Amino acid sequence: MNHTVHPEYSSQTPRTRARRRSSGARLQRATGIIFGVLLALGVSSIGAQQNLPSMGEPADSALSPIEEQQLGAQFMRQIRAQLPLIRDVQLTEYIQSLGSKLVAASGKGESLDFTFFIIDDPQINAFAIPGGYVGINSGLVAVMEQEEQLASVVAHEVAHVTQRHHARAFATGNRATLSTAAAVLAAIIIGQASPHAGQAALAAGLAASQQSAINFTRSNEIEADRIGIEILANARYDARAMAESFAILRRKNSLNTSNLQLEYLRTHPLDNNRIAEATDRADSQPRRERLNSPDYDLFRARLAVLSANDSGELMRTYLARHQTSPDISSCYALALINQRANRLDQAKAYLQELDTLIKAHPMVELLRADIAGMEQQRGDDSILAALSELYPERYSIVEKRLEQLIQDRRLGLAMQIANEYLRSNSNPDPLAWRQLASIQERLDDQAGSHESLARYFQALDELERATSQLELALQQVAPESQDQLRLEASLKELRAQATRLR
């Protein structure tokens, strides 16, 4: 695959036309990513001129794991700042859980940290960048009717990272630099706003290097298919979903036949041979029953509502479907649409109907809690507390509990719950640190608030901002106290981490 823009996941839906008026502004923001990342790399040792080995030598010699991590972290900072990410905790929680399940099934879960995120973009697209960052467009989810199908695309992207295809692709002649690599990867982001601009950006990156420096080869793509199918099977999904997703993408993808598309921007076409190869490989894996889990139905419906360009049109679509055959997706979507429009009685009616279709579910209960809050009712913490016992890893539940407790001015209990979540989860949602900082500020614990914000920024690889927060925390504690010693030790460790990534 020529994976930098991933055209096999890059076709447009009718909603794209509705967003054309904003594409210019998005393109301008995205173009700034090239300059921001190149500048960041240029002032650090990673941006120095390097002689990279030819293909076939160890990937570490071309792009070491620490360099991949830095390159990916630089891009994620720009992505968070400049692209329309879906920032809803419940949706992020789902996609991270799905991705983590696939990473664990790859056997690389202990050695690689992955971050999965959703971009609010109707184009059918998905991509991976160095450092284990995998982006999925809302448009891709919209066309994948089953969780296994979405999982197959994500597994394919995970395979590109675990097999270090980025590093292997950069292992070329002695003229290539990591600055060129950054320019090439910037085409991923620009391609989200304009595929043609992505082509131009990639062409500019190639001007300083040989074309083979960045091309993912057919062997890379076959390997990603093969490894992806193994990941699906290990995760107890039906591996035949890989071929199904290819068939869906082939039907939707109008760009593969475009004469304007540059050859080095394309993966090899999604032709019958590739689908047949995926089918043959999947046939060697055990056949699994489809999950038909309400989790995916609720996730997909919530994402459709939160990313809708025309909520009225979406409501009419779900109403027509609901009238024909009420299901989990239509009931939840209609409840959420009405809640967001402040039509609370209608929203509650759809939730009551939903209760007859599925057992108690966190996403449903959280929507019910939102409605209660809008009705200015005192939150019933016992319901959310019980959910937290069942799902201790779900920050979305903790977040809602903390919101209710803060509204009720029960700050002591709120801080206790936030600290319990952070202590009991090995990989907590970074937003928990930010919410704890807000609680501490309300309690006039300025040092604690700055320290929690430092943890938040550290989790996002914003090391300079994390350092600044720890320095502010130090100003708030007594000299020669245990707090000062602890904060100084944390600051020393943070500065060392920043140095290692330079």
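Fair warning: this is a prediction, and the values are worked out from it, not measured in the lab.

Colleague: Where do I start with the nonpolar core in this structure?
Modeller: Generally speaking, soluble globular proteins have nonpolar side chains that are buried together. Of all hydrophobic cores here, the largest spans 47 residues; its most connected members are Leu-102, Leu-140, Met-144, Leu-150 and Phe-299. The biggest single contributor to this core is helix α7 (residues 147-162), with 8 residues. Beyond its immediate chain neighbours, meaning those up to four positions away, Leu-150 contacts Ile-95, Leu-98, Ile-136, Leu-140, Val-141, Met-144, Tyr-296 and Phe-299. In terms of nonpolar packing, the next biggest core, distinct from the first, is built from 24 residues, Met-315, Leu-351, Ile-358 and Val-364 among them.

Colleague: Would you mind showing me how to read helix α18 (residues 362-374) here?
Modeller: Between its terminal C-alpha atoms α18 stretches 18 Å, which fits the 18 Å expected from 13 residues at 1.5 Å a residue. With 10 of 13 residues buried, α18 lies mostly within the body of the structure. All buried positions along α18 are accounted for by Pro-362, Met-363, Val-364, Glu-365, Leu-366, Leu-367, Ala-369, Asp-370, Ile-371 and Ala-372. Just past α18, the residue Gln-376 takes up positive phi, approximately 60 degrees.

Colleague: Explanation requested: helix α4 (residues 65-82) in the structure shown.
Modeller: Three or four residues apart is the spacing at which side chains of an α-helix point the same way, because the helix has 3.6 residues per turn. Spanning 18 residues, α4 covers 26 Å between terminal C-alpha atoms, matching the ideal 26 Å at 1.5 Å per step. Regarding α4, the residues found buried are Glu-67, Glu-68, Gln-70, Leu-71, Gly-72, Ala-73, Gln-74, Phe-75, Met-76, Gln-78 and Ile-79.

Colleague: Is there a simple way to explain the pattern of salt bridges in this structure?
Modeller: Side chains that carry opposite charge are capable of pairing whenever their charged atoms lie near each other. Evaluated as defined, the whole model comprises 14 salt bridges. Where Asp-88 meets Arg-302, a salt bridge forms, and the shortest distance between an N and an O atom there is 2.9 Å. Of the two residues, Asp-88 is situated in the loop between α4 and α5 (89-106) and Arg-302 in helix α14 (residues 294-306); the sequence distance between them amounts to 214 residues. For the pair Asp-88 and Arg-302, one class covers both residues: buried.

Colleague: When you look at the packing of α7 against helix α12 (residues 241-252) in this model, what are you seeing that I'm missing?
Modeller: Relative placement of two packed helices is described by the angle separating their axes and the distance separating the axes. The geometry of α7 relative to α12 is characterised by a closest axis approach of 8 Å and an angle of 90 degrees between their N-to-C directions. Comparing their axes, α12 and α7 come out roughly perpendicular. Here Glu-148, Gln-149, Ser-152, Val-153 and His-156 of α7 lie close against α12, whose contacting residues are Ala-241, Met-242, Glu-244, Ser-245, Phe-246, Ile-248 and Leu-249.

Colleague: How should the sheet that holds strand β1 (residues 115-119) be read in this particular structure?
Modeller: Sheets are built from strands paired through backbone hydrogen bonds, the pairs being either parallel or antiparallel. Reading across from one edge, β1-β3-β2 is the order of the 3 strands in this open sheet, with mixed pairing throughout. A strand with exactly one partner marks an edge of an open sheet, and here the two such strands are β1 and β2 (126-129). Between one strand axis and the next, the sheet turns by 20 degrees as a mean value, whatever way the strands run. As judged from the 5 bridges shared by β1 and strand β3 (residues 133-137), these two strands associate in the parallel manner. The partner of Thr-115 across the bridge, within β3, is Tyr-133. Running over the sheet, α7 touches β1, β2 and β3 and is turned about 25 degrees from β2.

Colleague: I would appreciate a short explanation of the pairing of β2 in the present structure.
Modeller: Every regular strand shows the same layout, with side chains that alternate between the two sheet faces. Of the two faces of β2, the one holding Ala-126 and Ala-128 and the one holding Phe-127 and Ile-129 are both buried throughout. Adjacent in sequence and paired antiparallel, β2 and β3 are bridged by 3 residues, among which Gly-131 carries a positive phi angle near 90 degrees.

Colleague: Teacher, can you tell me more about the side chain of Asp-461 here?
Modeller: By the secondary structure assignment, Asp-461 is in the loop between α23 (446-459) and α24 (463-474). Notably, Asp-461 is buried but unbridged: the nearest opposite-charge side chain belongs to Arg-77, and the N-O separation is 5.4 Å. If we skip the residues at most four places from it in the chain, Asp-461 touches Ala-73, Arg-77 and Tyr-133.

Colleague: Would you mind showing me how to read the side chain of Ser-449 here?
Modeller: Inspection of the secondary structure assignment puts Ser-449 in helix α23. For Ser-449, a relative accessible area of 6% corresponds to the buried category. Within the structure, Ser-449 has its side chain in polar contact with the backbone oxygen of Ala-437 (distance 2.9 Å). Apart from residues no more than four positions distant in its own chain, Ser-449 is found in contact with Ala-437, Gln-440 and Glu-441.

Colleague: What exactly am I supposed to notice about the environment of Glu-157 here?
Modeller: Take Glu-157: it is sitting in helix α7. Judged by relative accessible area, Glu-157 falls into the buried class, the value being 0%. On a C-alpha basis, the gap between Glu-157 and Ile-227 in space is 10.0 Å, while along the polypeptide they are 70 residues apart.

Conventions used here
- Counting from 1, residues in each chain are numbered in the order their sequence is written.
- With pLDDT at 70 or above as the cut-off, local features in this predicted model cover only qualifying residues; side-chain atom pairs require 80 or more to be listed or tallied, and sums for whole chains, interfaces and linings still use all residues.
- Only heavy atoms go into the side-chain values, all of them from the structure, while hydrogens and water stay out.
- What is meant by a nonpolar core is a set of buried Ala, Val, Leu, Ile, Met, Phe, Trp, Tyr and Cys residues, joined one to another through side-chain atoms within 4.5 Å.
- Only protein chains enter the area calculation, which uses a 1.4 Å probe; residues under 20% of their type maximum are buried, those over 50% are exposed, and those in between are partly exposed.
- Helical segments are the DSSP runs of H or I of at least four residues, strand segments are the runs of E of at least two, and each set is numbered from the N terminus.
- The contact definition used throughout considers only heavy atoms, calling two residues in contact when any of these lie within 4.5 Å.
- To estimate how far a helix should reach, multiply one less than its number of residues by 1.5 Å.
- In the sections that follow, a salt bridge refers to a side-chain nitrogen of Lys or Arg positioned within 4 Å of a carboxyl oxygen of Asp or Glu.
- A fitted line through C-alpha atoms serves as each axis, taken over the contacting stretch for helices, and the angle formed by two N-to-C directions is quoted from 0 to 180°.
- Roughly parallel means an angle under 35 degrees; roughly antiparallel, over 145; roughly perpendicular, 65 to 115; everything else is oblique.
- What makes two strands pair is DSSP finding at least two bridges between them.
- His is not counted here, nor are the chain ends, while Lys and Arg score as positive and Asp and Glu score as negative.
- Any N or O atom pair separated by 3.5 Å or less is treated as a polar contact, with the protein-specific requirement of one donor-capable and one acceptor-capable atom, and with residues adjacent in sequence counted only for side-chain atom pairs.

Read these as geometric descriptors, not functional statements.
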